[in-house]
Amino acid sequence: MNSHVKMTELQSTDLSRRSFLVGAAASGLMLGYSAMPDALAATAPANFEPSVWYAIAPDGLVTVTCGKADMGQHVASTMAQIICEELGAKWSDMRVSLASNDPKFNDPVLGAQITGGSWSTMMNFDAMSRAGAAGRIALADAAAASMGVPASELAVRDSMISHAKSKKQMSFAEIVKSGKATKTFTPDELKAIKLKTPDQYTMIGFSVPQLDIPDKTRGAAKYGIDVMLPGMAYGAIVTPPVRYGATVKSVDDSAAKKVPGFIKAVTLDDKTATTTGWVVAVANTYQNARKAAEALKITYDGGPNAKLSSESLFAEAKRLQALPDSGEFFVKNGDTAAAFGTTAKVMEAEYTTNINIHAPMEPMNATAEFKGDILHIYTGNQFATRSGAIAAGAAGIDPKYVVMHQMWLGGGFGRRLDADMTVPAVQAAKAVGKPVKVIYSRENDMTMDFSRPLTYQKVKAGLDGDGKLIALNHDVVSAWPTQRWGIPDFLSPSVDKKGPLDAFTVNGADFFYTVPNHNVRAIKNEMAHNATPSGQLRSVAPGWTFWAVESMVDEIAHAVGKDPAQYRIEMLDGKGDNAGGAQRLRNTLLAAMGLAGYGTKELAKGEGMGVACVSSQERKTASWTACVAHVAVAPSGEVTVKKLTVATDVGTQVNPDGIQAQVSGAALWGLSLALYEKATLKDGGIEQTNFDSYTPLRMSQLPEVAVSVIANGEHATGVGEPAVTVIAPAIGNAVFNAVGARVRSLPITAEAVKAAMKA
Amino acid sequence: MVTLNINGRNLSVEAANDSPLLWAIREQLQMTGTKFGCGAGLCGACTVHVNGEAVRSCQTAVGDVVGKKVTTIEGLSAKGDHPLQKAWVAEQVPQCGYCQSGQIMQAASLLAKNNNPTKEEIVAHMDGNLCRCMTYSRIQKAIMRAANEMRTAANSATERRAT
Ligand code: FES
Ligand code: FES
């Protein structure tokens, strides 16, 4: 990262060293962790300035402040549900609000405000539970004192505290109004609180209605694009024909000046290097800003990437892969070189994926306002900590003077981890001396996406005389989306100590199959990295690594005459490091097979079932997920997906209906990426500009989707992403079983299937 | 200045006749329930009713709706309790929610004419509305549920008239 982006250091808010404070405030009761580590924390409620996690108003309404970006996964509601369980509030009394970027809302584990990797529920479960329990204890103590009964005899339910013997009861509202519920929990006291055991749950594990949904049926939820500030102007951006690296040579605004309400054309001077060659047309209304943008005559220097295409990026990837010393090792188990000397059979294959675009339904936007010393940014963002730093860099100020106002996200999928939208808003606001709302056109949004990178993978497998996989070399060549962030903490050391690597390009390749000799190399495609700055797209690396692994395992099984599902089960033997995980994955695969009726019936001609199983996202945070895809392939090569049967082991489920929604949404994303979504680079620019050429799944393409969630009481794992990654290989494998055509490139097109049928 | 009739109220807005209705509604009149998704008639996020017909407000000029009745999501029902809105909550349809105003407005124009649609009729009517969160099957279920409620209401109304 360049010197213009100063991140405030990632500080893990280590909650194990913080007190939990329950204090009376003018607005009711506030509950949260002390803003300072315990040794420094003032314990007197007079100095009460906790990181507010929730508050209880005098009318008894409980408002949970969520530091996570809510992009449709209902994470705010989930956090409220976890607190509600231990607090003993009535669900209809619960409300949610969104946090600003004050570090006090940082994720307790990650030390930053970032939402991704399906981490939220997993990492916050314990802290939220304890926060809820501490609130219940404080309320009960206060109630006990005013009732004159021992707190231990009180029951707390539905926002009501009651004493059975004396039939006395008090509502949360009454206790809050009394102002008596103040209490401080030391870290040890907090740790000593006995949380409920799963058999005592009345909220967790139940499909309570999501708190954000009613507003979203009335057009009342406020997204970034809905922000209105007094006196604000509008910005429409003009982006160059080249995705990255162009510079503006000249701007002729003579025609724009004739547009009524036109204020100014601002050429961005983006020292954060997030954008290149962008101009913002600022006007009094958005229509006029758009008109003015269209009227600007801009000449560009296309820069170093202006000639590049998807083909050149693939060619460069192949060249890099062929070099013996490319990249860094992510996995190096056993000795593949020696093992290949002993194998009875060697198989090699190349797997590719094309560029994919996030295209959330809400196009990128941001509103910036300078007020005194403070720069206010209003936008829906998944990574407030870094985005605030980018906005500050664009403004030329210290990040501590930036306040990020979180909004509901009209889709995230990883796109809103980036902060490009803040740059034109900040510089336009600065240039015209007014608040400015910048709204991307869909064309801006698609051509300037931080896309899922184009990937090239080479897999070489060695089998022994019994057909067992004993050696595997797996090379993954791509742009490095996470390295682009410039935050060393998000990179991983390579096992060969050659330097840090971007594990978000290879996660998943460290699977749970037992393969004694196994190498995985992460190779950075510098050309792609520069020409198509890539980002995190829902599920990131496992979206391509499992495409390769799960296709190759299938190819091997067929080559040695084994049932592909059975072949997987044999490799999921749980030996060594794979103990536990492998068995969970095996069970999930068996569940999906059973639910789909895999192998139990004769299918019609041209139809087939295929399996895949994955441990996405990261090895240590896996949600065990398997899919059986049932497809029909026409003689033209056209693939129709008849049914997707998905089983996923998520440990513990907080809201089963919400998990169903997330997993089936993720599975359909997987389908959309597998069959319908493809972006291409030509002359340095993304060719697809709107939903006529970039075509996500529509209702008429919807197959039957059956999702089975396995909740076996283990820790809760993420559910928003893993199912994305299992679908493409399952479909590819089903196509092979249906018509004998092996397709190794995503998306799977009718032409490719037809060509492979003939081959 | 143009005067538009939106949700039963006459409102004046400073907009050129040829400018899109979408921006006049959203940004100038600040009824932000109607969403911008593509600006090209390809996604349905901006769907509103003009004289009861679902139209894409990004493809409709302000000048073309003068003297007509425009209804947005904010005006679909007085209390957010149109059978579709209730069904959307019952089926827990929205994820990010951004497409849902358009989905509901599109569905409402179907049910206004046909309160007993088949699945095929629903798909044909709704296929122009993208949902990037892929809530399609819940949308189908919610439309079926709302249609059912509307039929029940219509039947009991007929029965009441008969007695
Ligand atoms: S915004 Fe009007 S159809 Fe997409
Ligand atoms: S709910 Fe997110 S786009 Fe439809």
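Residues numbered from 1 in each chain as written. Chains lettered and ligands numbered in written order. Predicted model: local features only at pLDDT ≥ 70, side-chain atom pairs only at ≥ 80, totals over all residues. Heavy atoms only, no water.

Turning next to the overall build of chain A. Scanning chain A from terminus to terminus reveals 18 helices and 32 strands. Taking 27 Å as the expected radius of gyration for a compact globule of 759 residues, we find that chain A reaches 27 Å, a close match to that expectation. Its C-alpha atoms give chain A principal-axis dimensions of roughly 85 × 70 × 50 Å. Residue pairs at least 24 apart in sequence account for 77% of intrachain contacts in chain A once pairs closer than 6 positions are excluded. Computing the positive centroid from 73 side-chain charges and the negative centroid from 73, chain A places the two 3 Å apart. (Helix = DSSP H or I, 4+ residues; strand = E, 2+ residues; numbered from the N terminus. Rg over C-alpha atoms; globule rule 2.2 N^0.38 Å. Contact = heavy atoms within 4.5 Å. Lys, Arg positive; Asp, Glu negative; His and termini not counted. Charge placed at Lys NZ, Arg CZ, Asp CG, Glu CD.)

Here the focus is unusual backbone geometry. Residue and element names in this part refer to chain A. Of note, the amide linkage connecting S616 to Q617 takes the cis form, showing an omega dihedral of 0°. Examined against the element boundaries, Q617 turns out to sit in the loop between β26 (607–614) and β27 (624–633). The phi torsion at S159 lies on the positive side, around 65°, for a residue other than glycine. With respect to the helices, strands and loops of the structure, S159 is situated in the loop between β6 (154–157) and β7 (160–163). Since its relative accessible area comes to 7%, S159 is described here as buried. Of note, the phi angle at D683 is positive, near 45°, even though the residue is not glycine. (Buried < 20%, exposed > 50% of the residue type's maximum accessible area, 1.4 Å probe, protein only.)

Sheet strands pair via backbone hydrogen bonds, and the direction of the pair is either parallel or antiparallel. All names here are of chain B. The 5 strands are arranged β2-β1-β5-β3-β4 in an open sheet whose pairing can be described as mixed. Looking along the sheet, the strands with just one partner apiece sit at the ends: β2 (9–13) and β4 (53–56). Across the sheet, the mean angle from the axis of one strand to that of its neighbour is 40°, orientation sign disregarded. For strand β3 (residues 47–50) and strand β5 (residues 69–71), the ladder comprises 2 bridges, and the chain directions are antiparallel. If you follow H49 over to β5, its bridge partner there is T71. Here helix α3 (residues 100–113) sits on the sheet in contact with β3, β4 and β5, set at roughly 40° to β3. (Pairing = 2+ DSSP bridges. Axes fitted to C-alpha atoms, helices over the stretch in contact; angles between N-to-C directions.)

Let us look at the domain arrangement of chain B. Quite often, the size of an interface is put as the accessible area lost when its parts meet. Residue and element names in this part refer to chain B. What the domain assignment reports for chain B is domain 1 (2–75) and domain 2 (83–162). For domain 1 versus domain 2, the distance between C-alpha centres works out to 22 Å. With 17 residues of domain 1 at the interface, the matching set in domain 2 holds 13 residues. When domain 1 packs against domain 2, the two sides together hide about 1,200 Å² of surface, and 54% of this comes from carbon and sulfur. Connecting domain 1 to domain 2 are 1 salt bridge. Here K113 ties to E53 by a salt bridge, and the two come within 3.4 Å at their closest N and O atoms. Summed over the shared surface of domain 1 and domain 2, the result is 8 residue pairs in polar contact (both at pLDDT 80 or more). For the side of domain 1 that touches domain 2, the elements supplying multiple residues, two or more each, are β3 and β4. By residue class, the composition of the side of domain 1 that touches domain 2 is 7 nonpolar, 7 polar and 3 charged. (Domains from an automatic or database assignment. Buried area = accessible area lost by both parts, 1.4 Å probe. Salt bridge = Lys/Arg side-chain N within 4 Å of Asp/Glu carboxyl O. Polar contact = N/O pair within 3.5 Å; in protein donor to acceptor, adjacent residues only side chain to side chain. Nonpolar A, V, L, I, M, F, W, Y, C, P; charged D, E, K, R; others polar.)

What follows covers the environment of V75 of chain A. Residue and element names in this part refer to chain A. Within the fold, V75 resides in helix α1 (residues 75–87). Judged by its relative accessible area of 2%, V75 falls in the buried class. For the pair V75 and V96, spaced 21 residues apart in sequence, the C-alpha separation works out to 10.0 Å.

Once that is clear, we can look at the interface of chain A and chain B. On the side of chain B, 53 residues touch chain A, which itself brings 60 residues to the contact. Together, Q287, M361 and M699 of chain A form the three largest contributors to the area buried by chain A at its contact with chain B, with a combined 20%. Salt-bridge contacts for R26 of chain B lead to D226 of chain A; the nearest nitrogen and oxygen are separated by 3.0 Å. Listing elements by their share of the side of chain A that touches chain B, those giving two or more residues are α5 (213–216), α6 (286–295), β20 (436–439) and α16 (656–675) of chain A. If one sorts the elements of the side of chain A that touches chain B by residue count, α16 of chain A sits on top with 8 residues. A breakdown of the residues in the side of chain A that touches chain B according to their chemical character gives 30 nonpolar, 17 polar and 13 charged.

Turning our attention to the domain arrangement of chain A. All names here are of chain A. The assigned domain composition of chain A is domain 1 (38–213), domain 2 (224–304 + 364–439) and domain 3 (311–355 + 451–758). In this complex, domain 2 contributes 11 residues to the contact, which on the side of domain 3 involves 15 residues. By the criterion of area lost to domain 3, the three top residues of domain 2 are R243, R386 and F413, representing 49% of everything that side buries. At the boundary of domain 2 with domain 3, the tally comes to 1 salt bridge.

In this section: the packing of helix α13 (residues 542–559) of chain A against helix α14 (residues 564–571) of chain A. Residue and element names in this part refer to chain A. Their axes nearest at 9 Å, the elements α13 and α14 cross at an angle of 110°. Judged by the angle between their axes, α13 and α14 are roughly perpendicular. For the pair α13 and α14, contact is made by E550, V553, D554, I556, A557 and H558 and by P564, Y567, R568 and M571, respectively. (Parallel < 35°, antiparallel > 145°, perpendicular 65-115°, else oblique.)

What follows deals with the pattern of salt bridges. Residues and elements named next belong to chain A. This model, assessed by the stated rule, comprises 42 salt bridges over all chains. Measuring nitrogen to oxygen at the nearest pair gives 3.9 Å for the salt bridge that ties K191 to D188. Here the residue K191 and the residue D188 both occupy positions in helix α4 (residues 187–192), the gap between them amounting to 3 residues, near one helical turn. A salt bridge links E526 to K524, with the nearest nitrogen and oxygen atoms 3.3 Å apart. The class for K524 is buried, based on a relative accessible area of 19%.

Moving on: the pairing of strand β2 (residues 28–33) of chain A. Within β2 of chain A, 5 of the 6 residues are buried, which leaves it mostly tucked inside the rest of the structure. If you look at the hairpin formed by strand β1 (residues 20–25) of chain A and β2 of chain A, you'll find 2 residues sitting between the two strands.

Time to look at the side chain of T645 of chain A. All names here are of chain A. Along the polypeptide, T645 turns up in strand β28 (residues 639–649). You can call T645 buried: its relative accessible area is 3%. Residues within four places of T645 in sequence aside, it is in contact with A592, L595, A596, A626, C627, V628 and A706.

A word on the confidence of the model for chain B. Low pLDDT marks stretches whose predicted atomic positions should not be read closely. Taken residue by residue, chain B gives an average pLDDT of 96. The fraction at 70 or more is 99%. Per the prediction output, this complex has pTM 0.94; the corresponding ipTM is 0.97. (pLDDT = per-residue confidence, 0-100.)

Below, the discussion takes up the packing of α16 of chain A against helix α17 (residues 722–739) of chain A. All names here are of chain A. Where α16 meets α17, the axes come as close as 7 Å, and the angle between the chain directions of the two elements is 45°. In terms of axis orientation, α16 runs oblique to α17. Of the two elements, α16 crosses α17, and the hand of that crossing is right-handed. Contacts from V663, A666, A667, W669, G670, L671, L673, A674 and L675 in α16 reach A723, V724, I727, A728 and I731 in α17. For the contact of α16 with α17, the per-class residue count stands at 13 nonpolar, 1 polar and no charged. (Left-handed = near helix turned anticlockwise from the far one by under 90°.)

A few words now on the packing of aromatic side chains. Applying the stated criterion across every chain, the model contains 12 aromatic pairs over all chains. Judged by centre distance (4.9 Å) and plane angle (85°), the ring pair of F512 of chain A and W624 of chain A falls under edge-to-face. Separated by 112 residues along the polypeptide, F512 of chain A in the loop between β24 (500–501) and β25 (517–524) and W624 of chain A in strand β27 bring together distant segments of the chain. Accessibility assignment for this pair places F512 of chain A and W624 of chain A in one class, buried. When the ring centre of F512 of chain A is taken as origin, the NZ or CZ atom of R619 of chain A, which lies over that ring, is 3.9 Å away. Positioned over the ring face of W669 of chain A is R132 of chain B, at 3.9 Å from the centre of the ring. (Phe/Tyr/Trp six-rings, centres within 6.5 Å; stacked < 30°, edge-to-face > 60°. Lys NZ or Arg CZ within 6 Å of the ring centre and 35° of its normal.)

All names here are of chain A. Ranked by internal contacts, the top residues of the largest apolar core, which has 221 residues, are F20, Y54, L139 and I731. The element best represented in this core is helix α2 (residues 120–147), accounting for 13 residues. When sequence neighbours within four positions are dropped, the list of residues in contact with L139 reads L29, I56, L87, I161, F172, I175, V176 and A181. By size, the runner-up hydrophobic cluster in this structure holds 34 residues, among which are V5, V280, A391 and V436. (Core = buried A, V, L, I, M, F, W, Y, C linked by side-chain atoms within 4.5 Å.)

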